[in-house]
Amino acid sequence: MNGIAKTPAPPYYAVIFASQRTEGDNGYGNMADKMTELASQQSGFLGIESARDAGLGITVSYWDSLHAIQAWKENAAHQVAQRRGKSEWYQSFALRICKVERDYFFEM
């Protein structure tokens, strides 16, 4: 899942996860790949975009409903990753849930 997500016409929802990592990988990369794959199999998942530099990482996942977002939050494997994130992988993070009411795209 690389590049810009192909989302349907609005409305839909975006979950924006911004994070500052701790030092070292400590299994983070493998878990991130597993969570992306698992999320893509969840009902209501629409797509994902992610970028990280040496400090800040931002991942935006798109969902068709608040119910789908809640179900993903409660997924047992995702909860394991959330706990490890708080104890091992993140110095800090912010999570924001937004309703997308309008979108625009450009492609050459």
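Residues numbered from 1 in each chain as written. Predicted model: local features only at pLDDT ≥ 70, side-chain atom pairs only at ≥ 80, totals over all residues. Heavy atoms only, no water.

Ranked by size, the top nonpolar core spans 17 residues in total, and within it Met35, Trp63 and Trp72 carry the most contacts. Where this core is concerned, the elements lending two or more residues are β1 (12-21), α1 (28-40), β2 (45-52), α2 (66-74) and α3 (76-89). It is α1 that provides the largest number of residues to this core, a total of 5 residues. Not counting residues up to four positions away in its chain, the partners in contact with Trp63 are Tyr12, Tyr13, Val15, Ala39, Gln42, Ser43, Gly44, Phe45, Leu46, Ala68, Ile69 and Trp72. Core analysis: the second largest hydrophobic core is formed by 6 residues, Tyr12, Ala14, Tyr62 and Val100 among them. (Core = buried A, V, L, I, M, F, W, Y, C linked by side-chain atoms within 4.5 Å. Buried < 20%, exposed > 50% of the residue type's maximum accessible area, 1.4 Å probe, protein only. Helix = DSSP H or I, 4+ residues; strand = E, 2+ residues; numbered from the N terminus. Contact = heavy atoms within 4.5 Å.)

The next subject is the environment of Lys99. Along the polypeptide, Lys99 turns up in strand β4 (residues 90-100). Given a relative accessible area of 45%, Lys99 falls into the partly exposed group. Along the chain, Lys99 and Lys73 lie 26 residues apart, while their C-alpha atoms are 17 Å from each other. When sequence neighbours within four positions are dropped, the list of residues in contact with Lys99 reads Pro11, Tyr12 and Tyr13.

Using the criterion set out here, one finds 8 aromatic pairs in the structure. Arranged with centres 5.8 Å apart and planes meeting at 85°, the rings of Tyr28 and Tyr90 form a pair that is edge-to-face. Of this pair, Tyr28 sits in helix α1 while Tyr90 sits in strand β4; the two residues are 62 residues apart in sequence, bridging distant segments of the chain. Across the pair, exposure class does not vary: Tyr28 and Tyr90 are buried alike. Aromatic side chains Phe45 and Trp63 sit 5.3 Å apart centroid to centroid with 80° between the ring planes, which places their arrangement in the edge-to-face category. Highlighted residues: Phe45 in strand β2 and Trp63 in strand β3 (residues 56-63), separated in sequence by 18 residues. Three or more aromatic residues joined by ring pairs make a cluster, and in this case those are Phe17, Tyr28, Trp89, Tyr90 and Phe93. (Phe/Tyr/Trp six-rings, centres within 6.5 Å; stacked < 30°, edge-to-face > 60°.)

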